[in-house]
Structure formats: structure tokens, C-alpha cells
Amino acid sequence: MLVPNSVLILPFDQTTCVKSAAHTNYKFLGLSRMHDSVKKHADQINQLKLQACNESRKYIYALTQLDDYNHLLMAISHNNIPHIHQIINVALRNGASLEDALEGVYHPHRYSADDLDMATLIFRLGGYQLLFALNQKLSLPSLCTLRAKSTFTSLVPTISPICNNQFDQNIQTIVLDARAASPFKLPLRGISFMIDEIALEEMAMHFSKYNKVGGLCWKHSHIIDPVLRMYDSAVSIAQKIHDSKVHLSKELTVIGVSCFGEDEIYLILAAPTCKAEGASDMERILAQTIECWNASDAATSVGPVLSFATDGHKLFVSTPLSPDSYLYGMLINLPGLNLFTGAGEVTLNLTSNTSSSICLSFISLQYRLTLIYH
């Protein structure tokens, strides 16, 4: 459409709008950006007003308590027994626990790690209402105590086929941001990946944050559109589950990162599986994990990949260790240890069950060889 000034007005598309810098002058912003800025400041003002109201209520309650204490002390100093009874009765009607305080039976709670774990489990399974009820009845930690003494990790779930974006987000939020927020300066360490499966309830669920259906196996999830746009979307997903074109997940494949010399484990992948993956699929996931780690800032700020703990894949025993490697001199004299690694000298670190069976077999073999030799 042409206006008198011969300026062509195009339809506005928010998807093509470039995000402006925070310090940009308001006169250079468009109408939409100025509206967003005003809305942001209005929300901030409302939050500050709500915070001021809450703080004012706390101050008034504290002043009321101080007045009650002053009245009680004055009544005690004047030996005014009826006034003391009146103050105590009013305080009890207002919810105070003066009887417990006077009898000396009040004890502050000192929660152990088991109490915090129990409260976390209850909060995750039953929600904050169940946690509040058990806090009142069994004196378990409340949600406020749980948030003050525990760290809640937000992991990006795998709803569609496994992609690099999921690794990148989890590495940034769970590994890099968590270590950057540490009050101590963490040194550069080598890291080891660990992969395993955990049991999972076979059911589909709705992730309201993404408006998608989760709980379906990642290998066949490309067949469906997980986004719930209309009622027909849910019917189509249910029909494909009924026809076994896509499956409810039986287990959850999790990949974690552990730094050598530290006890912390950082999860970077949680992918539901129907156990239909082959060796090639798992090798692709392992290689994708290492590739995403090396492509991010984690390789330089946390540490390089040195090993991968798994049940065993030829991906990590495909290349002989070069004599020029710094590992060659340390490993060449260890009996029973092969010198094959993967790309980038990533070694195979077997899981505990596999390592135990190999050690027992090796000890048994040495025992038989000793008997034969003697």
C-alpha cells in the first residue's frame, strides 16, 4: 500500500525482527520493541510492588510480636497474673505455640541428607501439596528448605530424535553454568562420559512447556508430529502407538559427565528408548556426544574427553595407540591391557558390571596358568 509520502509499508513479521541490544536508544526501536520494553518494565514494577507488600507484612508481623513480648515482660515484672493469662490466651488463639516454648520442648530441625532426598522424592512424585502435608505431619523438610539446601537441575528432555541442540543446551545450562556459579575456581580436568539405561514407566505424557507429547521412543519418534495443535493431533499419535509404528519407551538412556578427581555427575542426555536400537545407532550417539562436547566451550573450560564408560563398542578400540602418545609410556607395561583407542585417543572405560566379570576372568586365567607352569 502506498501512502502520500510514497513509502511502501510491508506487513510486519515478528520472526524476521532482529533482537536489539540492551543499550539501544529508544528512538531507534520500533513500535513492537518499545511495547515489549514497556511491558517488561511494567512486569518488573508489579513484582517489586508484590515484594514490597510481602516485606511490609513481615515487618508488621514482627512489630506485633515485639509488642506482645513487651506486654508480656511488663506483666511479668508487675506480677500481673490476669494480664499474663490474657496475653497468652490471645497469642494461642492467633496460632502461637507458647506452651511448647514455655515447657522447653521446642527443638529446631536439623535435616540430614536422607531427609532432603526423601523430601525431593515426595516433591517429584506427589507435588508440593503432598510435601506440605508430610511436612506438617512428619516434620519433613518443606519446599523452602529444599530449595535453600538443594540444587534443582532442569534437563532438556528428548522428545524427538536425538539432535545436537539437546546436547548443546544441557551442556551449557547443567555443566558450564553450574561450574561458572561455583564460588571456587575449578581447575581444568579430563572428563569421562558414562552411559546407562534406567527403568521407566511406559506411558505418554504432555510437556506443557513445549506443548509436545513425550515418553515415546526416540528411534521412531520421527514418524509422528509430537506437537499438540488440535484434538486430531492426539488421536493421530494414539493411533500410531496402537499400530506399533511408534512405541512407548521401556527405559531411559542417560548420559552423564564426570570430571576426574570430582564426585559431581552432570547429566547431558535423557532419551526414552524402546530397546530397538542396534550397535550402529549406539555408536552414532556416542560419537555425537563427543562431537558436541568438543564443539562447545566445555572442552576448553572443563576439560578434554579422555574416556567413555560403556558396555563396550568397537568405536573406542579401533585405532592402535601411537608410540608418540604420552599415554603409551604409562600403559605399555600394564599386563592384560590393550592399547587400542578411539578417535582423539578416547579410551574405553567399561562399566562396573563388565569390569568385574573381566577381572574375575583374568584372575581365573592367571590362576590356571600358574598351576600349569608349576
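For the structure, check the block above.
Keep in mind that what you see is a predicted model, and the values were worked out from it rather than measured.

(A) Main features of the overall build of the chain. Helix and strand content of the chain: 11 helices and 9 strands. Of all 374 residues assigned to the chain, the portion counted as buried reaches 26%. Long-range contacts, defined here as pairs at least 24 residues apart, represent 62% of the contacts in the chain between residues at least 6 apart. On the chain, roughly 26,300 Å² of surface is accessible, and the fraction owed to carbon and sulfur atoms is 59%.

(B) Just the nonpolar core, in detail. Judged by nonpolar contacts, the single largest core of 30 residues is most densely connected at Ile 191, Phe 193, Ile 268, Trp 293 and Val 302. Sorting the residues of this core by element identifies helix H6 (164-180), strand E1 (191-199), strand E4 (251-259), strand E5 (265-273), helix H8 (279-295), helix H9 (298-301) and strand E6 (305-310) as the ones contributing at least two each. Ranked by residue count, the leading element in this core is H8, at 6 residues. Trp 293 has contacts with Ile 171, Val 175, Ile 191, Phe 193, Val 257, Ala 298, Ala 299, Val 302, Gly 303 and Val 305, leaving out every residue within four places of it along the chain. Of all hydrophobic cores here, the second largest spans 8 residues; its members include Leu 116, Ala 119, Phe 123 and Leu 143.

(C) Region of interest: a nonpolar patch on the surface. Among the surface-exposed residues, Phe 260, Leu 306, Tyr 326 and Met 330 lie close enough to one another that they form a single nonpolar patch of about 430 Å² accessible area. Here Tyr 326 shows up in the loop between strand E7 (319-320) and helix H10 (328-331).

(D) Up close: the packing of aromatic side chains. Within the structure shown, the criterion is met by 2 aromatic pairs. Geometrically, the ring pair formed by Phe 193 and Trp 293 is edge-to-face, given 5.6 Å between the ring centres and 90 degrees between the ring planes. Taken together, the residues Phe 193 in strand E1 and Trp 293 in helix H8 connect sequence positions 100 residues apart. Between Phe 193 and Phe 308 the ring centres are 5.2 Å apart and the planes differ by 35 degrees, which places this aromatic pair in the tilted class. Of this pair, Phe 193 sits in strand E1 while Phe 308 is found in strand E6, placing the two residues 115 residues apart along the sequence. Judged by relative accessible area, which is 0%, Phe 193 ranks as buried. With a relative accessible area of 0%, Phe 308 lands in the buried category. What links up through ring pairs into an aromatic cluster is the set Phe 193, Trp 293 and Phe 308.

(E) Seen up close, the pairing of E6. Burial analysis of E6 places 5 of its 6 residues in the buried class, which makes it a mostly covered element. As defined by bridge partners, E1 adjoins E6 across 4 bridges and the pair is classed as parallel. By the bridge assignment, Phe 193 is partnered in E6 with Phe 308.

(F) Structural context of H8. If you check H8, its first and last C-alpha atoms are 24 Å apart, about what 17 residues at 1.5 Å a residue would give, namely 24 Å. All buried positions along H8 are accounted for by Asp 281, Met 282, Glu 283, Ile 285, Leu 286, Gln 288, Thr 289, Ile 290, Cys 292 and Trp 293. Considering only its buried residues, H8 is in contact with H6, E1, E4, E5, H9 and E6.

(G) Highlighting the packing of H6 against H8. Where H6 meets H8, the closest approach of the two axes is 10 Å, and the angle between their N-to-C directions is 55 degrees. Classified by the angle between their axes, H6 and H8 sit oblique to one another. Our pair here, H6 against H8, has a crossing hand that is right-handed. Residues Asn 164, Phe 167, Asp 168, Ile 171 and Val 175 of H6 touch H8, and the partners they reach there are Gln 288, Thr 289, Cys 292 and Trp 293.

(H) A look at the packing of helix H1 (residues 31-77) against helix H2 (residues 81-93). In the contact formed by H1 and H2, the axes pass within 8 Å of each other and the chain directions differ by 155 degrees. Taken together, H1 and H2 sit at an angle that is classed as roughly antiparallel. The handedness of the crossing between H1 and H2 is left-handed. In this structure, H1 contributes Asp 68, His 71, Leu 72, Ala 75 and Ile 76 to the contact, and H2 contributes His 83, Ile 84 and Ile 87. Taken together, the residues of the contact of H1 with H2 sort by class into 5 nonpolar, 2 polar and 1 charged.

(I) Fine view of the side chain of Ser 307. Relative to the assigned elements, Ser 307 resides in strand E6. With relative accessibility at 4%, the residue Ser 307 sits in the buried group. There is a polar contact of 2.8 Å between the side chain of Ser 307 and the side chain of Ser 192. Those residues in contact with Ser 307, other than ones at most four positions away along the chain, are Ile 191, Ser 192, Phe 193, Phe 260, Val 346, Thr 347 and Asn 349.

(J) Representation of the pairing of E5. When you tally the buried positions in E5, you get 7 out of 9 residues, the bulk of the element. The sheet contact formed by E4 and E5 spans 8 bridges and is antiparallel. Bridge pairing in E5 links Ser 258 to Ile 265. The antiparallel hairpin formed by E4 and E5 contains 5 residues in its connecting segment, where Gly 261 sits at a positive phi of about 90 degrees.

Conventions adopted
- Residues numbered from 1 in each chain as written.
- Predicted model: local features only at pLDDT ≥ 70, side-chain atom pairs only at ≥ 80, totals over all residues.
- Heavy atoms only, no water.
- Helix = DSSP H or I, 4+ residues; strand = E, 2+ residues; numbered from the N terminus.
- Buried < 20%, exposed > 50% of the residue type's maximum accessible area, 1.4 Å probe, protein only.
- Contact = heavy atoms within 4.5 Å.
- Areas by Shrake-Rupley, 256 points an atom, 1.4 Å probe, with all protein chains shown as cover.
- Core = buried A, V, L, I, M, F, W, Y, C linked by side-chain atoms within 4.5 Å.
- Patch = residues over 30% accessible without salt bridge, like charges linked within 9 Å, V, L, I, M, F, W, Y side chains within 5 Å.
- Salt bridge = Lys/Arg side-chain N within 4 Å of Asp/Glu carboxyl O.
- Phe/Tyr/Trp six-rings, centres within 6.5 Å; stacked < 30°, edge-to-face > 60°.
- Pairing = 2+ DSSP bridges.
- Expected span 1.5 Å × (residues − 1).
- Axes fitted to C-alpha atoms, helices over the stretch in contact; angles between N-to-C directions.
- Parallel < 35°, antiparallel > 145°, perpendicular 65-115°, else oblique.
- Left-handed = near helix turned anticlockwise from the far one by under 90°.
- Nonpolar A, V, L, I, M, F, W, Y, C, P; charged D, E, K, R; others polar.
- Polar contact = N/O pair within 3.5 Å; in protein donor to acceptor, adjacent residues only side chain to side chain.

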